[in-house]
Structure formats: C-alpha cells, structure tokens
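Coordinates in review
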Amino acid sequence: MAEISFPLPDLGEGLIEATVLEWLVEPGQQVERNQPLVELETTKSSLELPSPQAGRVVRIHGEPGGTINVGEPLIVFEVPDETAGIVGTVPKDEAPKRRVRLSAVLDED
C-alpha cells in the first residue's frame, strides 16, 4: 500500500485559501472517486470538494473553521501500490487522428 497526499487545488479566480466548514469523511473510511470529501468556503462561494480517487482516508488536515492555503495538504489516502501514481485520467501521447482529408479542386477554365 502507498500513501498519496491530495493538496487543496486552485479553486480559480485568484483564490489562495479556503476555510473548512465540515469534513464529510473521517480517517479509516474507504471513499470512492468523486465522493464528496469536505465542504469548503472561499471568499466567492461554498462548495463540496470531491475525491480525486478511491482509497482509504489516512489523515485529514484542517479543523472546521480553520483555513488551508492552496497547495497545502488537505487529505492523505492509502491506495494499492499499482494505483499510487494514477490520479484521474492520464493523457496518452498519441498522434492526432486525421478526420478530414482536404484536397485542392482545380478550376478548368
């Protein structure tokens, strides 16, 4: 098993921190990808942050009412070793597929 730390992501529009309103999971709990983890409040809005992956919650950072800066650890997951490097979808390095073939049409005038 491996541990993966998930930092508070950039929530956009120049926000640099968020306040923890309520944790929706607890250490030891198994979570699924996209399951709500925590309710956060920013200067713009409040939101539920979903889990980026499935795993067991090892640690949570930030008590309700506490502030966490973007990039700081938010939660730590325990995942199987074979999925430790995978969070979300990994893009493939492939050449783009040609969908339309263009050819010149010559005027015969």
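For the structure itself, look to the data block above.
Below is a summary of the structure that appears in this document. Predicted model, so just to flag it, every value in this text is computed and none were measured.

Each value, and the rule that gives it
Residues numbered from 1 in each chain as written. Predicted model: local features only at pLDDT ≥ 70, side-chain atom pairs only at ≥ 80, totals over all residues. Heavy atoms only, no water. Pairing = 2+ DSSP bridges. Helix = DSSP H or I, 4+ residues; strand = E, 2+ residues; numbered from the N terminus. Salt bridge = Lys/Arg side-chain N within 4 Å of Asp/Glu carboxyl O. Buried < 20%, exposed > 50% of the residue type's maximum accessible area, 1.4 Å probe, protein only. Axes fitted to C-alpha atoms, helices over the stretch in contact; angles between N-to-C directions. Contact = heavy atoms within 4.5 Å.

1. Quick notes on the pairing of strand 4 (residues 36-41)
Here four bridges tie strand 2 (residues 17-23) to strand 4, and the two strands are oriented antiparallel to one another. Counted as the bridge partner of W23 is V38 from strand 4. Two successive antiparallel strands, strand 4 and strand 5 (residues 46-50), enclose a turn made up of four residues.

2. Considering the pattern of salt bridges
Following the criterion strictly, the structure yields two salt bridges and no others. The closest approach of N and O atoms between E3 and R59, which form a salt bridge, is 3.3 Å. Taken together, the residues span a long stretch of sequence, with E3 in strand 1 (residues 2-7) and R59 in strand 6 (residues 55-60) at a distance of 56 residues. The class for R59 is partly exposed, based on a relative accessible area of 38%.

3. Let's talk about the sheet that holds strand 7 (residues 67-69)
As a general point, the strands of a sheet are linked pairwise by backbone hydrogen bonds and lie either parallel or antiparallel. Read from one edge to the other, the open sheet built from four strands follows the order 5-4-2-7, with strand pairing classed as antiparallel. On the outer flanks of this sheet lie strand 5 and strand 7, each paired with one strand and no other. Neighbouring strand axes in the sheet, compared pairwise and without regard to direction, differ in orientation by 40 degrees on average.

4. Some remarks on the environment of I16
Structurally, I16 can be placed in the loop between strand 1 and strand 2. Since its relative accessible area comes to 60%, I16 is described here as exposed. Once the C-alpha coordinates of I16 and G71 are considered, the two residues, 55 residues apart in sequence, prove to be 8.8 Å apart.

5. Some points on the environment of Q29
Considering the arrangement of structural elements, one finds Q29 in the loop between strand 2 and strand 3 (30-31). A relative accessible area of 25% means that Q29 is categorised as partly exposed. Remark: the alpha-carbon pair of Q29 and F77, spanning 48 residues in sequence, is separated by 9.8 Å. Leave out the neighbours within four places in its chain, and Q29 touches L24, Q35, G55, R56 and V57.

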